[in-house]
Each structure stands twice: as C-alpha cells, then as structure tokens.
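These are the residues of each chain, in order.
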Amino acid sequence: MRLKDAIPKKGSQQRGRRVGRGISAGQGASCGKGMRGQKSRSGRSTRPGFEGGQNPLYRRLPKLKGFPLVNRKKYTIINVSKLASLPPNTEVTLASLMEVGIITSDDGPLKVLGDGELNVSLKVYAAAFTASARSKIEAAGGSCQEIGVSQTVSNEDSAEQPDNSDQESTEPPPTPIPS
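Residues numbered from 1 in each chain as written. Predicted model: local features only at pLDDT ≥ 70, side-chain atom pairs only at ≥ 80, totals over all residues. Heavy atoms only, no water.

Moving on: unusual backbone geometry. One non-glycine residue with positive phi stands out, namely Cys31, at about 60 degrees. Its place among the elements puts Cys31 in the segment before helix H1 (57–60). A positive phi angle is found at Asn89, which is not glycine, with a value near 55 degrees. Within the secondary structure, Asn89 sits in the loop between helix H2 (80–83) and strand E2 (90–92). A residue is classified by how much of its surface remains accessible, and Asn89, at 60% relative accessible area, is exposed. (Helix = DSSP H or I, 4+ residues; strand = E, 2+ residues; numbered from the N terminus. Buried < 20%, exposed > 50% of the residue type's maximum accessible area, 1.4 Å probe, protein only.)

Set out below in structure tokens:
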C-alpha cells in the first residue's frame, strides 16, 4: 500500500454547502440562518454551557471536597459494645432495641458498627454491618443477617410453608421497616 492508495471511499465525502450565492442555490441571502438575532451572526452562536445568562449548571454544582451527598443514606447506628448487655440467643432488630431502650430514636434502617467487645451470641438482623462488627458477632457465636429496607424479619416456619397466594389469608401482611 502506498500513500496515493489511501483515498476516501466513494460517496463518503460530500462537498460543502455553498451559502449566500442567491436563491437558486437554496441557501441565499441569509444563508438559512433567518433574519436577525444572536444565532444569525457569524462565528459560533453561543459557547458550550451557556444558558442565556442564567447561572449555568457547571457553576451551580459544588466542585470541592467536603460537600455533602444529596441523597445520603441515613442509618440508625449502634455499636457492638451496646449489644453486650443483651441476654444470649436474642433476636436483635431495630424494634427490639427500641423496646429495650438501648436505642431511643428511629433515624432509618439499623446499621451495626464494630466498636467494643461482644461475648454473647446474638441473632442480629440489620440493614448493614461493618466488617469488624460482622466478625465480632460471628466470633461470639452469633449470626448476622442483612435485611432490606422493605423486608421484615420472618420466622423460620413461614419459609418452609408453601406459598398459597390464591387462598385468602387471615393474617395481616407484614409491615415494612420504617425508614
């Protein structure tokens, strides 16, 4: 292959529009840009990001470190050290912790943090666990189970029963965990 062989494929190149050469050319007088105004002038119409004088998006958004997330996930947090006062083999949920009085306010789904020590085995149901909290709970002989925001803690018997969705149930549907 030589340099003279490197030519564009037939039909891939079109000639440029010949504007401002009379009405028979199709783009006469105003070259298809209308009569007057900002977009009819020579050169670029507006620069990229220009919003007509309104404060543009690239200036409205924060650019530096330390700005808070807009839709940040909010959790009700508890440390492993607070769970040490519970009796062994207790099922720990956000509702059970509020009943006992360990947690006083519901700020969202439960998240367990790993500060402190744990000696009792517990069944902990929470939306999130830190790695250290999960290891401390499992080292004490307990279990960690992540539940979603809309899921609820169910008994083991209900998982074994077949789903009879066509039959009417006398039990009310489970309520989701408030967020």
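From this point, things continue past the structure.
Our next topic: the sheet that holds strand E5 (residues 128–129). Spatially, the 3 strands line up as an open sheet ordered E1-E3-E5, and their pairing is parallel. Among the strands making up the open sheet, the edge pair consists of strand E1 (76–79) and E5. Pairing of E1 with strand E3 (residues 110–113), which is carried by 4 bridges, proceeds in the parallel orientation. When the sheet's bridge partners are listed, Ile78 is paired in E3 with Val112. (Pairing = 2+ DSSP bridges.)

Bringing the environment of Gln27 into the picture now. Examined against the element boundaries, Gln27 turns out to sit in the segment before H1. In this structure the C-alpha to C-alpha distance between Gln27 and Arg17, which are 10 residues apart in sequence, comes to 8.2 Å. Discounting residues that sit within four places of it in the chain, Gln27 has contacts with Arg17, Val19, Gly20, Arg21, Gly22 and Gly32. Among the polar contacts listed, one links the side chain of Gln27 to the backbone nitrogen of Gly32, at a separation of 3.5 Å. (Contact = heavy atoms within 4.5 Å. Polar contact = N/O pair within 3.5 Å; in protein donor to acceptor, adjacent residues only side chain to side chain.)

As a further point, take the nonpolar core. One finds Leu83, Leu97, Val112, Leu118, Leu122 and Val124 to be the most contacted residues of the largest nonpolar core, which totals 20 residues. Broken down by secondary-structure element, the contributors of at least two residues to this core are H2, helix H3 (94–100), E3, strand E4 (122–126) and helix H4 (131–139). Tallying contributions element by element places E4 first for this core, with 3 residues. Setting aside its immediate chain neighbours within four residues, Val112 contacts Ile78, Val80, Leu83, Val124, Ala126, Ala128, Phe129, Thr130, Ala133 and Ile137. (Core = buried A, V, L, I, M, F, W, Y, C linked by side-chain atoms within 4.5 Å.)

Moving on: the sheet that holds strand E6 (residues 143–146). Strand order in the open sheet formed by 3 strands is E2-E4-E6, and the pairing between neighbours is parallel. With partners counted over all chains shown, the strands left at the sheet margins are E2 and E6, one partner each. Across this sheet, the average inter-strand angle for adjacent strands is 15 degrees, counted without regard to direction. Relative to E4, E2 runs parallel, the two being bridged by 3 bridges. Following the sheet pairing, Glu91 is matched in E4 by Lys123. Contacting E4 and E6, H4 runs over the sheet at an angle of about 140 degrees to E6. (Axes fitted to C-alpha atoms, helices over the stretch in contact; angles between N-to-C directions.)

So, about the confidence of the model for the chain. On average, residues of the chain carry a pLDDT of 84, and 83% of them reach 70 or more. Contacts for the low-pLDDT stretch residues 150–159, under 50 throughout, to residues beyond four places or in other chains number 12 contacts. (pLDDT = per-residue confidence, 0-100.)

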